[in-house]
Amino acid sequence: MRLVLDWDGTVTERDTLHMTIERFGDLDVFHAMEEQVGRALSLNEVIAVEMETITAPFDEVLGWLLEVVTVRRGLAELVAEHDPLIVSAGFCELIEPILERERLSVPVVANRIEPSPDGWRAVFLERAACAVCGEPCKREALAGNGPFAYVGDGVSDRCVSLAADRVFARDGLARWLDERGVAYEPFEDFVDVRAALGEPGSEA
Ligand SMILES: [Mg+2]
Ligand SMILES: [Zn+2]
């Protein structure tokens, strides 16, 4: 069974988009926008408005992220054993250099960012609107790829987690699944996930 990981707040200990907006963007816009998710605006629309509040040079932002972003314990071992796919609502340009820093090669499906002094512009993957949530969500990204186990923490993981054959959840995703009475396996780090998955290939 394929293993699929969310990036922000799942692979990384803190949400790197939140960190970036906190450091380089406008946190008031961020908080106002977070309340709009799933209401007036789609998740992509919210992320786009938030990213527009960043005007710093890309190298400055990336250099800072490379210094401060930490990944959850057990990631390297999990990657070596289970060859996961990362699917993120964030941006390749801010994910791949962190993986390189960790000396890990992991396929990433994510959006693109075009940094600009006028405000960074999000360029989203072309994806059909999901029949379940109505947004171009991660369920749509994984459709037709067979059974998968999903590991996530937040809003972008909600719809896809309902389509997964096995779900590992923490934080907001865990609370959201609790509210819906949907079963999941809690995790703190990838040591937990590896222990639950067992030896690669041993699953039925
Ligand atoms: Mg996340
Ligand atoms: Zn969906």
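Here we summarise the structure given alongside this text.

About the cut-offs
Residues numbered from 1 in each chain as written. Chains lettered and ligands numbered in written order. Predicted model: local features only at pLDDT ≥ 70, side-chain atom pairs only at ≥ 80, totals over all residues. Heavy atoms only, no water. Helix = DSSP H or I, 4+ residues; strand = E, 2+ residues; numbered from the N terminus. Buried < 20%, exposed > 50% of the residue type's maximum accessible area, 1.4 Å probe, protein only. Phe/Tyr/Trp six-rings, centres within 6.5 Å; stacked < 30°, edge-to-face > 60°. Polar contact = N/O pair within 3.5 Å; in protein donor to acceptor, adjacent residues only side chain to side chain. Contact = heavy atoms within 4.5 Å. Axes fitted to C-alpha atoms, helices over the stretch in contact; angles between N-to-C directions. Parallel < 35°, antiparallel > 145°, perpendicular 65-115°, else oblique. Nonpolar A, V, L, I, M, F, W, Y, C, P; charged D, E, K, R; others polar. Salt bridge = Lys/Arg side-chain N within 4 Å of Asp/Glu carboxyl O. Donors = N, O, S within 2.8 Å, 3.2 Å for Na, K, Ca; no water. Pairing = 2+ DSSP bridges.

**Overview of unusual backbone geometry**
- Residues other than glycine seldom take positive phi values, yet Arg103 does so here, at roughly 55°.
- Not every positive phi belongs to a glycine, and Asp171 is a case in point at roughly 50°.
- Position of Asp171 among the secondary structure elements: in helix H10 (residues 171–179).
- Residue class for Asp171 comes out partly exposed when judged on its relative accessible area of 39%.

**Quick look at the packing of aromatic side chains**
- In total, this model carries 4 aromatic pairs according to the counting rule given.
- The interplanar angle of 85° and the centroid separation of 5.6 Å between the aromatic rings of Phe24 and Trp64 together place this pair among those described as edge-to-face. Highlighted residues: Phe24 in helix H2 (residues 16–24) and Trp64 in helix H5 (residues 58–68), separated in sequence by 40 residues.
- On the numbers, 6.3 Å between centres and 15° between planes, the contact of Phe187 with Phe190 is stacked.
- Assessed through its relative accessible area of 0%, Phe190 is described here as buried.

**With respect to the side chain of Ser88**
- On the secondary structure map, Ser88 appears in strand S2 (residues 85–91).
- Accessibility expressed as a relative area gives 4% for Ser88, which makes it buried.
- A distance of 2.7 Å separates a polar atom in the side chain of Ser88 from the backbone nitrogen of Gly90.
- Look past the residues within four positions of Ser88 in its chain and what remains in contact with it is Trp7, Asp8, Ile95, Val109, Ala110, Asn111 and Lys138.

**Observations regarding the packing of helix H3 (residues 27–34) against helix H4 (residues 43–51)**
- Two elements in contact, H3 and H4, have axes whose closest approach is 9 Å; the angle formed by their N-to-C orientations is 170°. Our classification of the angle between H3 and H4 gives roughly antiparallel. Contacts between H3 and H4 pair Val29, Phe30, Met33 and Glu34 from the former with Val46, Val49 and Glu50 from the latter.
- Its residues placed into classes, the contact of H3 with H4 shows 5 nonpolar, no polar and 2 charged.

**Some remarks on the pattern of salt bridges**
- Considering all chains together, one arrives at 12 salt bridges under this definition.
- Put simply, Arg121 and Glu114 hold a salt bridge, and the shortest N to O gap is 3.1 Å.

**Points about the coordination of the magnesium ion (ligand 1)**
- The coordination sphere of the magnesium ion (ligand 1), as far as protein atoms go, consists of Asp6 (OD), Asp8 (O) and Asp153 (OD), spread over 2.1 to 2.2 Å.
- Linear spacing of the donor residues for the magnesium ion (ligand 1) on their chain is D-x1-D-x144-D. Each member of the pair, Asp6 together with Asp8, is buried.

**So, the pairing of strand S1 (residues 2–5)**
- Summarising the sheet, S1 and strand S5 (residues 148–152) pair through 4 bridges and their orientation is parallel. Pairing of Arg2 across the sheet is with Phe148, part of S5.
- Pairing between S1 and S2: 2 bridges, direction parallel. Bridge assignment links Val4 to a residue of S2, and that residue is Leu85.

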